[in-house]
Structure formats: C-alpha cells, structure tokens
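Residue strings, one per chain:
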Amino acid sequence: MKLRIDKAKCVGNARCAAVSEELFPLDEDGYIAVEQIDVPAGKEGLARRGARACPERIIIIEDEGQ
Amino acid sequence: MTGAATLSPAVPKPAHVPDAAVYDFDMFADPAYVADPHKRVMDLVQNAPRVFWTPRNGGHWMLMSHAAIFNAARDIEAFSSEIVPQSQIKAMVARLPPGTPHIPQPLPINIDPPDHTKYRAPLNRVFSPKAINALKNDIRALANQLLDRVADKGRCEFMTEVAEPLPVQVFLKMLGLPLERQEEYRAIVKDHLSDPDPDPKNVMKKLLHITAIMRDTMLERRENPRDDIISLLWKTEIDGKPTTMDDMENYGVVLFIAGLDTVMNGIGHGVRHLAMDLPLQDQLRQNPQLVAEATEEILRRYTFTVPPRVVGKDMEFEGLQMKKGERAMLFLPAADLDPKEYANSESVDLKRENKVHIAFNAGPHRCLGSHLARVELQIVYEQVLARLPQFRLDPEHPPTFHCGHIIGVDSLHLTWNS
Ligand code: HEM
Ligand code: SF4
C-alpha cells in the first residue's frame with residue numbers, strides 16, 4: 001500500500017501522527033515530513049485511519065496494495 | 001453582559017443579492033441563539049439557506065455548509081483575512097505622530113499569505129506537539145488544584161472556578177509571565193474579550209492594555225532567557241530578521257486573543273454537555289481512554305468560533321454574486337453539524353465513523369494552538385470525571401451564553417452529591 005501526501009498543503013496539526021507517529025513522521029515544526037509513504041505489511045488499517053484523520057484531506061491512498 | 005434584547009437594525013439588501021438568499025439572523029443578538037446557541041445552530045442548519053445574506057450588523061454573508069466553508073477557508077483570494085487591509089493599516093500607522101506607542105496587531109490571524117507564513121512559522125515551532133506534551137503534567141496539576149477547591153462544596157459556577165482560570169494559568173506559565181499578576185489577566189479576559197464592541201478605538205485600547213502588562217517580562221527575557229515561549233520567540237527569526245519588540249507585542253496579543261477565551265469556552269460547552277449526558281459521564285469514568293475521542297466529538301458537536309472574512313474580488317460563489325469588500329462569516333458551528341457531512345449530526349456519538357471536524361477551521365489559518373487546546377480540554381475532562389462524582393446542571397440556574405465571533409458560556413452552575 002502506498003500513500004501520497006500533498007505536503008505543501010499540510011498545516012501541521014498532527015492528526016495523522018496522533019494515529020501513528022511511526023507511519024506519519026513530522027518535521028521539527030510539526031508538519032508532515034514526507035511526501036510518500038510505503039506502508040509496511042500489516043499497517044494498512046492504521047494507514048487508512050491516518051489518512052482519514054487529516055482534516056486537510058491531503059493524505060491520499062495511491063495504491064491499495066493487497 | 002447579555003445584550004440579547006436589542007437586535008442591530010436591518011440594512012437594505014444590495015441589488016445583487018437575490019431574495020431567496022436573504023435570511024434574517026443577528027449573530028450577536030438573535031434571542032433563540034443567545035438562549036441556547038447550538039439548538040439555534042441546528043435550526044439554522046435545517047431551515048436556513050446553505051449560504052445566505054443577513055441584513056443585521058451592517059449586512060454580511062453567512063457561509064453555513066461544510067463544503068462551502070471548507071472551500072472558502074482555503075481560497076484566500078476569494079476570502080481574505082485582512083478585514084482591514086494591511087496597506088490601510090500601514091498608512092494609518094504612518095500618519096500617527098512620532099512617539100506614539102506601537103499598536104500591536106494580532107499577526108498572523110489578520111494577514112493573508114504569503115506574509116502570513118512568515119509570522120506563523122516561528123509560532124509553529126513553539127507550539128509543536130512535542131513542546132505541548134511537555135506541559136501535560138503542569139496542566140493536570142493546575143486542573144486538580146482548581147477542582148479540589150470545589151469538590152467538597154457539592155456545587156459551583158464552573159466558568160469562574162475552573163474554565164476561566166485554568167487557561168489563563170497555563171498561558172502565563174507557558175509564556176513565562178508572572179503568576180502573581182494572574183488577576184490582572186483574568187480581569188482583561190473577563191471584561192474585555194467577550195465584549196462585542198467593534199469600535200476600533202476600544203479595540204486598540206484593549207490591545208495596548210494586553211501588551212502593557214507583558215512588556216517588563218518580555219524585555220527581561222531578552223537579556224535573561226529561560227525555558228519559556230517568550231524566550232524562545234526572542235531566539236527565532238521572522239523572515240530571516242531577528243525578532244523585534246514590536247514583533248513580540250504582536251505575538252503576545254495574538255496568543256492572548258486566540259488562546260484564552262477559546263479554551264475557556266470550549267471547556268464550558270464540553271462540561272455542560274457532560275452535565276446533561278449522564279450515560280456519557282459513566283462511560284468515560286469507566287473508560288478514561290475514551291476521553292480523547294470524546295473531546296473530538298464534543299468539539300464537533302459544539303463548534304463555537306465564527307472567523308470573519310472579506311470577499312477579495314467580485315465573484316460567483318455557490319451560485320451567488322459576491323462583491324469585493326463584502327463581509328462573510330465562516331459559520332463553523334453549522335459546518336460541523338451539517339448532515340451531509342455527519343449523519344445524525346446532533347448526537348454525540350463516540351463510534352461515529354467521521355469525527356474529523358473543522359472546529360479549528362481549515363486552510364492556512366487553521367488554529368495554531370490546536371494541540372494545546374486539545375491537551376487542555378482532555379485533561380480538564382479527565383480530571384473533572386476523576387475528581388467529581390456524577391454532576392448535573394443546577395436546575396435553578398440554567399447556563400447562560402453570549403454570542404458573536406465566539407459562542408461563549410457566561411455561567412455554568414453545576415451540582416453534585418458531596
Ligand atoms: C478550543 C480552543 C480553540 C479553538 C476552538 C480555536 C479555534 C481557532 C480557529 C477557528 C482559528 C482560525 C481563525 C481564522 O480562520 O481566521 C484559530 C486560529 C488561531 N488560533 Fe486557535 N483555537 C483554540 C485555541 C487556541 C489556543 C490555545 C491557541 C494558542 C495559545 C490558539 C492560537 C491560535 C492562533 C495563533 C491562530 C491564528 C493562526 C493563523 O492565523 O495562522 N488557539 N483558532
Ligand atoms: S493531519 Fe494532515 S495537515 Fe495535519 S499534520 Fe498530518 S498531514 Fe499535515
């Protein structure tokens with residue numbers, strides 16, 4: 001599973017990181033640190049919840065994987 | 001301060017506003033709104049147009065639907081936050097006689113990108129989740145102190161005893177301001193902030209009053225930095241330039257305006273809900289780990305701020321003609337009760353699939369203090385539930401409210417068996 005993040009639109013409210021700090025790393029200012037996430041096997045549910053939690057709707061499920 | 005009795009006069013409708021888009025609602029004084037705000041919000045959600053123009057308070061647009069607000073909040077050309085344009089502020093300041101004190105401005109709340117970003121960036125660092133999590137123990141200790149004072153009494157007016165002093169104390173601690181001057185700050189919060197008086201002279205006086213009581217500490221921290229926000233802000237740069245005293249005053253004002261009245265009323269709405277929803281109290285007492293989710297759902301159900309915007313250009317929005325310079329309110333309380341976005345939007349449902357609300361708005365101005373706000377709200381709910389037995393509204397003193405850019409709780413009398 002792959003996530004794409006429209007990083008420029010992140011406003012840094014860390015709702016994604018509140019779901020999982022490991023999957024959704026933040027930079028020092030509290031903005032999302034990455035533009036793409038390769039979700040490790042078994043973490044798909046967490047990834048989906050993190051994507052849904054983003055109030056800006058900028059975490060997009062690119063590839064559902066298995 | 002219940003100005004509910006008098007509606008502002010209705011002004012004539014401009015020609016480009018169709019009759020179907022007019023709905024008469026006074027966001028400061030509508031009697032049903034002031035009596036029980038979110039009940040009236042629900043009524044508006046069901047019966048008012050999704051975007052309407054009201055003739056009250058000089059005439060302005062009201063954006064109600066989740067979709068309209070979500071789009072408007074991120075289209076800064078269409079909906080500007082510069083209620084008074086920065087160019088006009090600069091011209092005004094240039095005309096002041098030399099020696100006039102710096103007039104503080106609540107940056108970045110009232111300025112559009114790209115300049116907005118310059119002023120927001122240093123605050124972002126200071127209010128990162130990491131920085132806020134470090135405050136949790138202090139906040140919990142403060143909450144316990146306030147609650148222990150009332151626990152034996154069996155009743156209290158919760159706003160004065162807990163909801164209002166807590167955020168003020170957290171604010172002072174975080175910024176590094178002397179706790180001894182608490183009463184002064186509380187007096188400003190109480191008397192001035194919820195005052196709807198829009199007279200710019202009075203607004204200016206309030207802002208100057210806020211900076212005046214912070215000035216000594218700010219100057220002192222420049223020389224002797226400590227582990228607090230004022231010291232941190234001195235060390236940051238704004239757009240590559242070192243922070244000046246004027247910048248510090250601007251930050252002091254924006255944090256004061258944005259961080260006190262808001263948290264206090266958020267606590268008020270949440271604790272009122274808990275007092276009316278005894279099964280939820282029981283559920284949370286048994287499962288304190290659900291408090292975080294409950295905090296989100298309560299924020300959604302009782303969204304209480306109404307950020308103002310100015311239409312930035314002549315345009316069509318949601319099928320309506322809007323003209324540059326007209327005012328528009330992002331009526332967030334309605335967006336978060338929009339049934340198109342949330343099924344059974346009126347019920348507080350911890351199992352709700354979609355709890356992603358816009359109580360903190362969306363887009364570039366999205367609340368910068370939301371981590372802190374969430375931590376304060378969660379801790380208050382946790383400690384209220386831990387320190388007080390089942391509590392209810394006092395039937396003899398029902399809660400009272402005031403309305404405007406913030407839906408505020410004036411009084412919240414609770415009772416319990418002590
Ligand atoms: C439950 C409590 C709170 C609520 C509901 C809330 C709500 C909001 C909303 C709706 C906005 C957007 C305003 C706009 O779009 O014009 C905002 C902005 C802001 N808030 Fe909060 N707020 C809360 C607590 C706090 C706290 C505790 C702080 C900091 C100490 C804070 C600092 C700010 C700042 C600095 C801005 C301006 C951000 C910008 O313009 O970029 N807020 N808040
Ligand atoms: S939830 Fe969305 S906006 Fe917030 S930090 Fe994560 S990516 Fe950014």
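Residues numbered from 1 in each chain as written. Chains lettered and ligands numbered in written order. Predicted model: local features only at pLDDT ≥ 70, side-chain atom pairs only at ≥ 80, totals over all residues. Heavy atoms only, no water.

Peer 1: Please provide a residue-by-residue account of the packing of helix α9 (residues 165-175) of chain B against helix α18 (residues 370-387) of chain B, values included.
Peer 2: Residues and elements named next belong to chain B. Taken N-terminus to C-terminus, the directions of α9 and α18 make an angle of 130°; their axes are 12 Å apart at the nearest point. Put simply, α9 runs oblique to α18. Here the hand of the crossing between α9 and α18 comes out right-handed. Between α9 and α18, the residues in contact are Leu 166, Pro 167, Val 170 and Met 174 and Leu 372, Glu 376 and Val 380, respectively. Classifying every residue of the contact of α9 with α18 gives 6 nonpolar, no polar and 1 charged. (Axes fitted to C-alpha atoms, helices over the stretch in contact; angles between N-to-C directions. Helix = DSSP H or I, 4+ residues; strand = E, 2+ residues; numbered from the N terminus. Parallel < 35°, antiparallel > 145°, perpendicular 65-115°, else oblique. Left-handed = near helix turned anticlockwise from the far one by under 90°. Contact = heavy atoms within 4.5 Å. Nonpolar A, V, L, I, M, F, W, Y, C, P; charged D, E, K, R; others polar.)

Peer 1: Talk me through the site of ligand 1; I want residue IDs and the actual numbers.
Peer 2: Residues and elements named next belong to chain B. Around ligand 1, 24 residues are found, and the nearest of them are His 116, Arg 309, Asn 361, His 365 and Cys 367. The contact in question runs from an oxygen atom of ligand 1 to an N or O atom on the side chain of His 116, over 2.6 Å. The contact in question runs from an oxygen atom of ligand 1 to an N or O atom on the side chain of Arg 120, over 2.7 Å. (Near = heavy atom within 4 Å. Polar contact = N/O pair within 3.5 Å; in protein donor to acceptor, adjacent residues only side chain to side chain.)

Peer 1: Account for the packing of helix α13 (residues 245-259) of chain B against helix α14 (residues 261-276) of chain B, naming residues and giving values.
Peer 2: Residue and element names in this part refer to chain B. Orientation of α13 relative to α14, taken along the N-to-C sense of each, is 10°, at an axis distance of 4 Å. When the axes of α13 and α14 are compared, the pair comes out roughly parallel. Contacts between α13 and α14 involve Ile 257, Ala 258 and Gly 259 from the first element and Asp 261, Thr 262 and Val 263 from the second. Residues belonging to the contact of α13 with α14 are distributed by class as follows: 3 nonpolar, 2 polar and 1 charged.

Peer 1: A description of the interface of chain A and chain B should follow, citing residues and the corresponding values.
Peer 2: With 16 residues of chain A in contact, the opposing surface of chain B contributes 21 residues. With both chains or domains summed, chain A and chain B bury close to 1,500 Å², and 41% of this area falls on carbon and sulfur atoms. One can count 4 salt bridges joining chain A with chain B. Residue Glu353(B) pairs with Arg52(A) through a salt bridge whose shortest N-O separation is 3.4 Å. There are 5 residue pairs in polar contact (both at pLDDT 80 or more) connecting chain A and chain B. (Buried area = accessible area lost by both parts, 1.4 Å probe. Salt bridge = Lys/Arg side-chain N within 4 Å of Asp/Glu carboxyl O.)

Peer 1: Tell me what's going on with the pairing of strand β10 (residues 327-330) of chain B, and back it up with residues and numbers.
Peer 2: Residues and elements named next belong to chain B. Of the strand pairs in this sheet, strand β2 (residues 60-63) and β10 are connected by 3 bridges, and their pairing is parallel. Bridging across to β10, Leu 63 finds its partner in Leu 330. As paired elements, strand β7 (residues 308-311) and β10 share 3 bridges and run antiparallel to each other. Each bridged residue has a counterpart across the sheet, and for Arg 309 the counterpart in β10 is Ala 328. (Pairing = 2+ DSSP bridges.)

Peer 1: Quick one: what's the story with the site of ligand 2, residue by residue and with numbers?
Peer 2: Around ligand 2, a shell composed of 13 residues is seen, among which Cys10(A), Asn13(A), Ala14(A), Cys16(A) and Cys54(A) lie nearest. Here the shell around ligand 2 is composed, by residue class, of 9 nonpolar, 2 polar and 2 charged.

Peer 1: Provide a residue-level description of the nonpolar core, including the pertinent values.
Peer 2: Nonpolar side chains in soluble globular proteins generally cluster together in the buried interior. All names here are of chain B. The biggest cluster of nonpolar side chains holds 79 residues, and the ones touching the most others in it are Phe 127, Phe 158, Phe 171, Phe 256, Ile 267 and Phe 391. Element by element, the count of residues in this core is highest for α18, at 9 residues. Of all hydrophobic cores here, the second largest spans 24 residues; its members include Trp 61, Ala 328, Leu 332 and Ala 335. (Core = buried A, V, L, I, M, F, W, Y, C linked by side-chain atoms within 4.5 Å. Buried < 20%, exposed > 50% of the residue type's maximum accessible area, 1.4 Å probe, protein only.)

Peer 1: Lay out the sheet that holds strand β4 (residues 155-157) of chain B with the relevant residues and their values.
Peer 2: Residues and elements named next belong to chain B. Read from one edge to the other, the open sheet built from 3 strands follows the order β4-β14-β11, with strand pairing classed as antiparallel. A single partner strand is all that each edge strand has here, and the edge strands are β4 and β11 (391-393). Direction aside, the axes of adjacent strands within the sheet are offset by 25° on average.

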